[in-house]
Amino acid sequence: MKIARKMIHRWAAALLLASALLLMGAASDAGGQGQRFDRLGHNLMCQCGCGQVLLECNHVGCSTSEQMRKEMKLAMARGDSDQVILAGFVGKYGPTVLSAPTTTGFNRVAWIMPVVIFVAALGAVMLVVRAWKKRNPPSGPTNSGGQPPEELDEFRRRAREETAL
Amino acid sequence: MPQIGSFTLLLGLALSVYAFAAGLFAIVRDDDRLSETARRAGIAVFLAVTAASGILVYAAFHNDFSVAYILHHSNRALPGAYKFAALWSGQEGSLLFWCWLLAIYGLVLRLRHRVDTRLVAYASVILSAVQIFFLILVNFAAHPFALVTGAVPADGNGLNPLLQYPEMVIHPPMLYLGYVGMTVPFCFALAALIMKYPGEKWIHITRRWTMVGWLFLTCGIFLGSYWAYRVLGWGGWWGWDPVENASLLPWLTGTAFLHSVMMQEKRGMMKVWNMWLIFSTFLLAIFGTFLTRSGVVSSVHAFAESDIGPYFVYFLALTFATCMFFYVRNRSHLESEHKLESLISRESSFLFNNVLLLVSAFAVLWGTLFPVLSEWVTGHKVTVGPPFFNKVNIPIALFLLLLTAVGPLLAWRKTSTESLRKNFLIPAVIAVVFGVALMAMGYVKPWVDMSYFYSLMTIMLSVLVAATIGSEFIRGGLVIARHNDSNVFHGMYLLTRRNTRRYGGYIVHLGVIVTMIGFAGVAFYQNSEQELGFGDKMAIGPYTLVCRSYTQDDKPNYSSEWAILDIYKGGKQITTMYPEQRFYKASGQPATIVANRSTIMEDLYLVYTGKNPENGRPIIKAHLNPLVWWIWAGAHFILVGTIIALVPNMQTKRKKLAPGGQARAPADIPAESPVEAGGD
């Protein structure tokens, strides 16, 4: 009975994970022309000196952002792919026109490092906790008595009831 | 007057040097009288720097354009409030403002010296060292009283138009109070390390000071966001600009400290970690200041490039070396009293919370500095903008939300999976049902776009957090209500009064989730831009904008032009809005004044962007920003929650808590506290 319940939990967890991954996969590709313009516009920086994303330039009557938007709409109307459009902008304005580093060359380091640090930090915490658990058998009557955690929960519940105001 | 200002600054420096040197000698020779003179010199620093700040403000109000700083940051027609704000609107003035705030914190610290005379004496010496650095800057590197060479102009250049908003009068002081406020916990932490302070009193003092600094920093960040939203006119509130990131870095490490410090108080754990979190928070506050003032990274908010960068580099290096030296020398004092026993425990949830906050801080720092690194390695600069920061930080934020939901359900030392499952089941079911309902009703379609998926996750996790926190309040409130024969709300009130820190903390968490729900609205943002002549219509979401007219005005400081737009929803006129464009005469710069109609569901945000140069027709840009109201509402929750957490506990007749309001959980008893006594 216990094994069957465990199996059900594992299958449920796997199903949940698979659904989430499917949703994420599906989510990354879809979107209409308006959303495409919005997405591309957020992948580019305005070159007027405002230091903001193209679609968020707040300079009053900014002719540079207006021109860049026109260029983007034109390229989209031509049927250029996202990559071609972005490459066109990089060719014209230089690599700083992209609002995020690419995933090529040294720029890859920008994306990899946070993930490496995240995984390393989580791994380090897990290792430290395991090492502590192995090296230092927990002290005090809580565990020296050998009670399982379920029993402790029961004690806590009773303690709560008895000590409640 | 400028000469008197210069003199008071020099006097302040001399007094700081005395407070530092005499304080140090007094500690070495154990001389109480000398220590008292150092303390009084520290108090006198406050008077000197206050006088200098007052003189600069006086110069602004009296249009003394012989002072270069006033010439560049004020003009005759500038309204009074902005003349006052000129104090922190430029490089030199803002450094003086920093000195003044540090002097205020120093004054409070020294007046409250009886809390622990010896610890305060050490902390006071360290604070004097920091004060000396900033006073050296304003005396020799960025002098606010520098005089204009040649003839004095009749009028000033005026204040940057983007700074001429009410929010700018309050946002920088809040942010600076946060930055500078992180100096005090740093001083206490380093002092405790140097003197091998026995006991945990220092950590209680440090925690409270950190909460004060954190509160101001949080308010400053939110006010900055509000200013960006209402003033900059791009329709957003956070652009991941280096200056914004600089304020986030100490906030993240400070938040991590406020969580992990509980492990030190309750279980005597994580002492090294906490010490370095405090050091990092202070170093990052200084580093952020360095970033905004040195020109290392380009930013729309940065001060003009100057040569004060190297001063900050030396100061940072010296501070880090000092911290490292005393850490290496006295690290045996920081050994943990207990070890972590289980991965499913309150301690481990704090540990993972810390890891996530620090990874987030690293990602922000990394992204901010990567353009510099890239240029150094490859010779080419790249831009690291919002797409990078969003992609890296949103998953981390979601993990943090999950931990916020799980954390309160975990006991100290260890929790059984059965207990966790029992407590977690109902909130989890509520969150899943809520998410499914949102999808079924067509509000969120996570399969359409990644941003929708993140939004749905954010909302579901927020509901999960709200449910777990709600159950904590209700459960505790019911116990007290049963005993007092009152209702559950009164029970919850008493519960909060009896453990302000724990339940204030929960209210802060509620504020965080309310804010996160506001962030989730970004995915549903819409915008539209159109030329609008008289009688023209423009549609966005459920709204229709009809242009009634345009009008102009002229004031001493600026001339302006308004669009008068009638707003219709469902065929009925609901309001009239007036987006405005200004032209500031002194600086010759244009600026927009956003018209915003905020409701709990969405903001209708209108910008008068200018006129089409080809046909002269006015252009209106409309943004429909869903759920923005929630961001500012969340900020209020955070503010209230932090203030509650700062208030001392109401003492019950049955038990008296240890100093600091919290009793350490003994190692030899099951550590989950009774409901009314709480425990964090």
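Quick notes on the rules
- The residue count restarts for each chain, going from 1 along the sequence in the order it is written.
- All chains are assigned letters beginning at A, and all ligands numbers beginning at 1, according to the order in which they are written.
- Since the coordinates come from a predicted model, pLDDT governs what is reported: local features require at least 70, and pairs of side-chain atoms require 80 or more to be given and counted, while whole-chain, interface and lining totals use all residues.
- Labels follow the DSSP assignment, with helices taken as runs of H or I lasting at least four residues and strands as runs of E lasting at least two, numbered in each case from the N terminus.
- Residues are called buried when their C-beta atom has 20 or more other C-beta atoms within 10 Å, exposed when it has 12 or fewer, and partly exposed otherwise; all C-beta atoms are positioned from the backbone.
- Contact between two residues is assigned whenever their backbone-derived C-beta positions fall within 7 Å.
- When buried Ala, Val, Leu, Ile, Met, Phe, Trp, Tyr and Cys residues are joined through C-beta atoms within 7 Å, the set is termed a nonpolar core.
- Known as pLDDT, the predictor's per-residue confidence is scaled from 0 to 100.
- Any two strands with at least two DSSP-identified bridges between them are counted as paired.
- An automatic or database domain assignment provides the domain bounds reported here.
- In this analysis an axis means a line fitted to C-alpha atoms, helices contributing only their contacting stretch, and an angle means the value between N-to-C directions, from 0 to 180 degrees.
- Convention used here: angles under 35 degrees read as roughly parallel, angles over 145 as roughly antiparallel, angles from 65 to 115 as roughly perpendicular, and any remaining angle as oblique.
- Should the near helix be turned anticlockwise from the far one by less than a right angle, the crossing is left-handed, and should it be turned clockwise, the crossing is right-handed.
- For this classification, the nonpolar set comprises Ala, Val, Leu, Ile, Met, Phe, Trp, Tyr, Cys and Pro, the charged set comprises Asp, Glu, Lys and Arg, and every other residue, Gly included, is treated as polar.

The helix and strand inventory of chain B stands at 19 helices and ten strands. A burial count over chain B gives 54% of its 680 residues as buried. Here the analysis covers contacts within chain B between residues at least 6 apart in sequence; of these, 72% occur between residues at least 24 apart.

Here we come to the overall build of chain A. Each helix and strand in chain A was counted, giving seven helices and zero strands. Counting from the amino terminus, helix and strand elements in chain A follow one another as α-α-α-α-α-α-α. Scored against the burial criterion, the 165 residues of chain A give a buried share of 20%. Contacts spanning at least 24 positions in sequence make up 35% of the contacts within chain A whose residues lie at least 6 apart.

Before going further, it helps to examine the nonpolar core. All names here are of chain B. Among the nonpolar cores identified, the biggest contains 213 residues, and Cys99, Ala123, Ile126 and Phe188 are the most heavily contacted of them. No other element matches helix α9 (residues 201-232), which puts 19 residues into this core. Leaving out residues up to four positions away in the same chain, cysteine 99 has contacts with Val49, Gln131, Phe134, Leu135 and Val138.

Our next topic: the confidence of the model for chain A. Residues and elements named next belong to chain A. In this model, chain A carries an average pLDDT of 72, and 59% of its residues clear a pLDDT of 70 or more. The least confident element of chain A, judged by mean pLDDT, is helix α6 (residues 141-144) at 42; the most confident is helix α4 (residues 82-93) at 89. Ignoring residues within four places in sequence, the model shows residues 21-30, a span with pLDDT below 50, making 17 contacts including any to other chains. Confidence drops under pLDDT 50 across residues 139-146; counting only partners more than four residues distant or on other chains, this segment forms eight contacts.

Glancing now at the pairing of strand β5 (residues 572-577) of chain B. Summarising the sheet, strand β4 (residues 558-569) of chain B and β5(B) pair through five bridges and their orientation is antiparallel. The residue bridging B:Tyr568 from the neighbouring strand is B:Gln573, located in β5(B).

Take the domain arrangement of chain B next. All names here are of chain B. Parsing chain B into structural domains produces domain 1 (1-159) and domain 2 (524-628). For domain 1 versus domain 2, the separation of C-alpha centres amounts to 43 Å. Across the contact, eight residues belong to domain 1 and five residues belong to domain 2.

All names here are of chain B. Averaged over chain B, the pLDDT score is 86; the fraction of residues at 70 or greater is 94%. Taking the mean pLDDT of every element in chain B, the minimum, 82, falls on strand β7 (residues 589-593) and the maximum, 94, on helix α19 (residues 628-646). Complex prediction metrics read pTM 0.85 and ipTM 0.79.

Residue and element names in this part refer to chain B. Between helix α2 (residues 32-61) and helix α6 (residues 117-141), the least distance of the axes is 11 Å, while the angle of their chain directions is 40°. The orientation of α2 relative to α6 falls into the category oblique. Viewed along their axes, α2 and α6 form a crossing whose handedness is left-handed. Two secondary-structure elements touch here, α2 through Ser35, Ala38, Arg39, Gly42 and Val45 and α6 through Ala121, Ser124, Ser128 and Gln131. Of the residues belonging to the contact of α2 with α6, the class tally is three nonpolar, five polar and one charged.

What follows covers the pairing of β4(B). Residue and element names in this part refer to chain B. Pairing of strand β3 (residues 543-554) with β4 involves eleven bridges; the strand directions are antiparallel. Across the sheet, residue aspartate 554 finds its bridge partner in β4, namely serine 559. Here β4 runs beside strand β6 (residues 580-584); their pairing, made up of five bridges, is antiparallel. Paired with tyrosine 558 across the bridge in β6 is tyrosine 584. Between β4 and the antiparallel strand that follows it, β5, lie two residues; glycine 570 among them carries a positive phi value of about 60°.

Moving on to the environment of B:Phe325. Residue and element names in this part refer to chain B. Mapped onto the elements of the fold, phenylalanine 325 is located in helix α12 (residues 309-330). Given 11 C-beta atoms within 10 Å, phenylalanine 325 falls into the exposed group. Residues phenylalanine 325 and isoleucine 194, 131 residues apart in the sequence, show an inter-C-alpha distance of 9.7 Å.

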